[in-house]
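Each chain is listed here by its residues.
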Amino acid sequence: MSVATGTLVYEKVALIGLGLIGSSIGHGIKRAGLAKTVSGFARSAETRARALEIGFVDSVHDTAKEAVVDADLIILCVPVGALGKVASEIEPMLKKGATITDVGSVKSAVVRDVGPFVPEGVHFIPGHPLAGTEESGPDAGFAELFDERWCILTPVPGTDKSAEAQLVSFWEGLGSKVDVMDAQHHDVVLAVTSHVPHLIAYNIVGTATDLEEVTQSEVVKYSASGFRDFTRIAASDPTMWRDVFLNNKEGVLEVLGRFSEDLAVLQRAIRWGDGDLLFDLFTRTRAVRRSIIDAGQETAAPNFGRTKPDGDEEDGEA
Ligand code: NAP
């Protein structure tokens, strides 16, 4: 990371949403000294109290409005479907020169829903850290979540370059590598790499548990690695993922169309015994995994680096 520990990037950061991502950002800010103060807001009093107790925020507030007073950076860390409402609430309190960003797993819908509530003189730079786990809530976060993971920023046209550079420094200070692209492109890339894979996992786990000739207890008892790995992804937060699919309709449907065509080709190859087609595809896909490991985005350790039989070492980011 290019920002040294102890480098102040913003005086005050406001975290709106104190779950897995909000709390991990809070821990990361504290680890690297990226801000003097961190204020926080979450919907429930329990989450607010817990955040203060854990200590990844310096203050919590009963409303999002109060939390953003005087903040130089406001990070919206709530489910995508709640972003517009939260943005409308904080709009009157945003200070001139502040930057508002988010961590939502889709980006075009965020520009659509949050953009109208960004006042003149406030910088709006949507973002998405490609890091996560299938856990939720304020206890799930940890400072290392973003280390060596990508964070994609999707600045709107005309974004102030120094505000963008400051946000890049902030994410680098959290340990991330940062890329910039437009929101539509982000949504197609993430549809391929994350959203459709999650949909496939939800679907296969649903299908397996619906099969009449296989009982639920057999599904659990004989779950071999393939199915077990799908269940990990399919255990991801239902609210968050409902919102992802409702808000990246175009990207997901485009990739799903291609996926269905390719699946039909495999179905045909199996029916007609075309082993060469299957072997060639499986050889190509094996090489893809090798390149992901070489890029440092996955471990080559056996059993995905699990340290215990039902380990939770892996990520399930959106
Ligand atoms: P989370 O652990 O469930 O936390 C969500 C937070 O938002 C909680 O503090 C919750 O408050 C608050 N919240 C929920 N619904 C709300 C509403 N309607 N109005 C106001 N606040 C609300 O979720 P997360 O995993 O941190 O996800 C947050 C964002 O990060 C999402 O936009 C998601 O797309 C994005 N993201 C997630 C991952 C991942 O792997 N999880 C990865 C990258 C990006 P309470 O605690 O009081 O309920």
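**Q** Can you walk me through the nonpolar core in this structure?
**A** One recurring pattern in soluble globular proteins: nonpolar side chains tend to sit buried together. Residues V13, I25, I29, I75, F170 and W171 are the most contacted members of the largest nonpolar core, which totals 35 residues. Only β1 (10–16), α1 (20–32), β2 (35–41), β4 (73–76), β8 (150–153) and α6 (161–173) provide two or more residues apiece to this core. Once residues lying within four places of it in the same chain are set aside, the contact partners of W171 are I25, V103, P129, F146, C151, L153, S176 and V178. In terms of nonpolar packing, the next biggest core, distinct from the first, is built from 32 residues, F41, V118, F124 and V252 among them.

**Q** Just checking my understanding: could you explain the packing of helix α7 (residues 183–210) against helix α11 (residues 249–271) for this structure?
**A** For any two helices packed against each other, the geometry is given by the interaxial angle and the distance between the axes. At their nearest, the axes of α7 and α11 sit 9 Å apart, and the two run at 65 degrees to each other. By the angle between their directions, the pair α7 and α11 is classed as roughly perpendicular. The two elements α7 and α11 meet at a crossing, and its hand is right-handed. Between α7, through D187, V188, A191, V192, H195, V196, L199 and I200, and α11, the contact on the second element is made entirely by G251, V252, E254, V255, L256 and F259. Residue classes in the contact of α7 with α11 are distributed as 10 nonpolar, 2 polar and 2 charged.

**Q** Please clarify how the environment of L130 should be interpreted in this entry.
**A** Within the element layout of this structure, L130 appears in the loop between β7 (127–129) and β8. Among the residues examined, L130 registers a relative accessible area of 18% and is labelled buried. A sequence separation of 15 residues divides L130 from L145, and the C-alpha atoms of the two residues are 9.7 Å apart.

**Q** It is not clear to me how the site of the ligand should be interpreted in this structure. Could you clarify?
**A** In the vicinity of the ligand lie 28 residues, with S44, T47, V78, S105 and G137 positioned nearest. Contact distances for the ligand include 2.6 Å between an oxygen atom and a backbone N or O atom of S44. For the ligand, an oxygen atom lies 2.6 Å from a polar atom in the side chain of T47. In isolation the ligand exposes 910 Å². Once the protein is present, 87% of that is buried. Most atoms of the ligand, that is more than half of them, are within 2 Å of grid points of the second largest pocket.

**Q** Got a minute to help me understand the pairing of strand β5 (residues 99–102) in this structure?
**A** Within a regular strand, side chains alternate between the sheet's two faces. Side chains of β5 alternate between two faces, with T99 and T101 and I100 and D102 buried alike. In this structure, β4 lies alongside β5, joined through 4 bridges in parallel fashion. Within β5, the position partnered with L76 by the bridge is D102. Once you follow β4 into helix α4 (residues 83–90) and on to β5, the crossover reads as right-handed. Two strands pair when backbone bridges link them, and β5 and strand β6 (residues 123–124) are joined in this way by 2 bridges, in the parallel orientation. Across the sheet, the residue bridging to T99 is H123, located in β6.

Calculation criteria
Residues numbered from 1 in each chain as written. Predicted model: local features only at pLDDT ≥ 70, side-chain atom pairs only at ≥ 80, totals over all residues. Heavy atoms only, no water. Core = buried A, V, L, I, M, F, W, Y, C linked by side-chain atoms within 4.5 Å. Buried < 20%, exposed > 50% of the residue type's maximum accessible area, 1.4 Å probe, protein only. Helix = DSSP H or I, 4+ residues; strand = E, 2+ residues; numbered from the N terminus. Contact = heavy atoms within 4.5 Å. Axes fitted to C-alpha atoms, helices over the stretch in contact; angles between N-to-C directions. Parallel < 35°, antiparallel > 145°, perpendicular 65-115°, else oblique. Left-handed = near helix turned anticlockwise from the far one by under 90°. Nonpolar A, V, L, I, M, F, W, Y, C, P; charged D, E, K, R; others polar. Near = heavy atom within 4 Å. Polar contact = N/O pair within 3.5 Å; in protein donor to acceptor, adjacent residues only side chain to side chain. Areas by Shrake-Rupley, 256 points an atom, 1.4 Å probe, with all protein chains shown as cover. 1 Å grid on protein atoms, 1.4 Å probe; cavity = no way out; pocket = protein on both sides within 12 Å on 5 of 7 lines; lining within 4 Å. Sits in = over half its atoms within 2 Å of the grid points. Pairing = 2+ DSSP bridges. Right-handed = clockwise from strand over helix to strand, strands pointing away.

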